[in-house]
Amino acid sequence: MIVAIANAGPQLTRILWSNGKVLTMSMHYAIRAVAGTFVLLSLALGHWVSPYWYLFTAFVGVNLLQSAFTRWCLMEKILAGLGLVRPEADPGRGRSA
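These lines cover the structure that appears in this document, whether it is placed above or below.

What counts, and where the lines are drawn
Every chain's residues receive numbers from 1 upward, in the order its sequence appears when written. In keeping with the model being predicted, local features are shown solely for residues with a pLDDT of at least 70 and side-chain atom pairs are shown and tallied solely at 80 or more, while totals for entire chains, interfaces and linings include all residues. Hydrogens and water are ignored here; the side-chain numbers use all heavy atoms of the structure. Only DSSP runs of H or I reaching four residues or more are called helices, and only runs of E reaching two or more are called strands; each is numbered from the N terminus. For every residue, the accessible area (1.4 Å probe, protein chains only) is compared with the maximum for its type, and the residue is labelled buried under 20%, exposed over 50%, or partly exposed between those bounds. The contact rule is simple, with two residues in contact once any of their heavy atoms fall within 4.5 Å. Surface exposure here means Shrake-Rupley accessible area, sampled with a 1.4 Å probe, where a residue is shielded only by the protein chains that are shown. Stacked, tilted and edge-to-face are the three classes applied to pairs of Phe, Tyr and Trp rings, where Trp contributes its six-membered ring and a pair requires centres within 6.5 Å; stacked means planes under 30 degrees apart, edge-to-face means over 60, and tilted covers the rest. Nine residue types can take part in a nonpolar core, namely buried Ala, Val, Leu, Ile, Met, Phe, Trp, Tyr and Cys, and a core is a set of them joined through side-chain atoms within 4.5 Å. To count toward a patch, a residue needs a relative accessible area above 30% and no salt bridge. Like charges then connect within 9 Å, nonpolar side chains (Val, Leu, Ile, Met, Phe, Trp, Tyr) within 5 Å. Here a salt bridge means any side-chain nitrogen of Lys or Arg lying within 4 Å of a carboxyl oxygen belonging to Asp or Glu. Note on geometry: axes are lines fitted to C-alpha atoms, helical ones only across the stretch in contact, with angles between N-to-C directions running from 0 to 180 degrees. Angle categories are assigned with fixed cut-offs, so that under 35 degrees is roughly parallel, over 145 is roughly antiparallel, 65 to 115 is roughly perpendicular, and the rest are oblique. Should the near helix be turned anticlockwise from the far one by less than a right angle, the crossing is left-handed, and should it be turned clockwise, the crossing is right-handed.

Regarding the overall build of the protein
Part 1 of the reasoning: Regarding its fold elements, the protein presents three helices and three strands.
Part 2 of the reasoning: Listed by position from the N terminus, the elements making up the protein come as β-β-β-α-α-α.
Part 3 of the reasoning: A total of 97 residues make up the protein; the buried ones form 21% of that total.
Part 4 of the reasoning: Long-range contacts, defined as pairs at least 24 residues apart, comprise 37% of the intrachain contacts of the protein with a sequence gap of at least 6.
Part 5 of the reasoning: Carbon and sulfur atoms make up 69% of the accessible area of the protein, which totals about 7100 Å².

Some details on the packing of aromatic side chains
Part 1 of the reasoning: Under the defined criterion, the tally for this structure stands at two aromatic pairs.
Part 2 of the reasoning: Where phenylalanine 56 meets phenylalanine 59, the ring centres are 6.2 Å apart and the plane angle is 25 degrees; that geometry is what we call stacked. With phenylalanine 56 and phenylalanine 59 both in helix H2 (residues 54-70) and three residues apart, the pair spans about one turn of that helix.
Part 3 of the reasoning: Judged by its relative accessible area of 30%, phenylalanine 56 is partly exposed.

Considering unusual backbone geometry
Part 1 of the reasoning: We note that arginine 71 has phi near 60 degrees; this positive angle belongs to a residue other than glycine.
Part 2 of the reasoning: As for its placement among the helices and strands, arginine 71 is situated in the loop between H2 and helix H3 (74-82).
Part 3 of the reasoning: With a relative accessible area of 41%, arginine 71 lands in the partly exposed category.

With respect to the environment of threonine 57
Part 1 of the reasoning: By secondary structure assignment, the location of threonine 57 is in helix H2.
Part 2 of the reasoning: C-alpha separation for the pair threonine 57 and glycine 36, spaced 21 residues apart in sequence, amounts to 9.9 Å.
Part 3 of the reasoning: Ignoring anything within four residues of it in the chain, the contact list for threonine 57 reads Val39, Ser42 and Leu43.

Quick look at the nonpolar core
Part 1 of the reasoning: Grouped together as the largest cluster of nonpolar side chains are seven residues: Met25, Met27, Ala30, Ile31, Cys73, Met75 and Leu79.
Part 2 of the reasoning: When residues of this core are traced back to their parent elements, those giving at least two are helix H1 (27-48) and H3.
Part 3 of the reasoning: By residue number, the principal contributor to this core is H1, which donates three residues.

Focus on a nonpolar patch on the surface
Part 1 of the reasoning: There is a patch of nonpolar side chains on the surface, built from Trp72, Leu74, Ile78 and Leu82 and spanning about 400 Å² of accessible area.
Part 2 of the reasoning: With respect to the helices and strands, the residue tryptophan 72 is situated in the loop between H2 and H3.
Part 3 of the reasoning: Note on tryptophan 72: relative accessible area 43%, which makes it partly exposed.

A look at the packing of H1 against H3
Part 1 of the reasoning: Across the interface, H1 lies against H3 with an axial gap of 10 Å and an inter-helix angle of 110 degrees. When the axis of H1 is compared with that of H3, the two are roughly perpendicular. In the packing of H1 onto H3, the handedness of the crossing is right-handed. Together, Met27, Ala30, Ile31, Val34 and Phe38 of H1 and Met75, Glu76, Leu79 and Ala80 of H3 make up the contact between the two elements.

Interpretation note: all reported values are geometric properties and have no functional meaning in isolation.
The following block contains the structure:
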């Protein structure tokens, strides 16, 4: 069980688990964790509550796909805005190949 989430530096989030262990992750991995949680949660809700929750699963997938091409991610902005994780310096950002 997660006890606390705190900013641990310019690009990291520190997560304190109830057993005392600390997990530190970058923005990249925090977004993966949030997306995975949203997908699993929406699949469970779609199965037990209403099939309309599968639309949320599709929404998460579409956002992951568009962020791969545009390098813009709404969840990145949300996490940075909450102060949980700060954006990483990406030298390839804005550069077209």
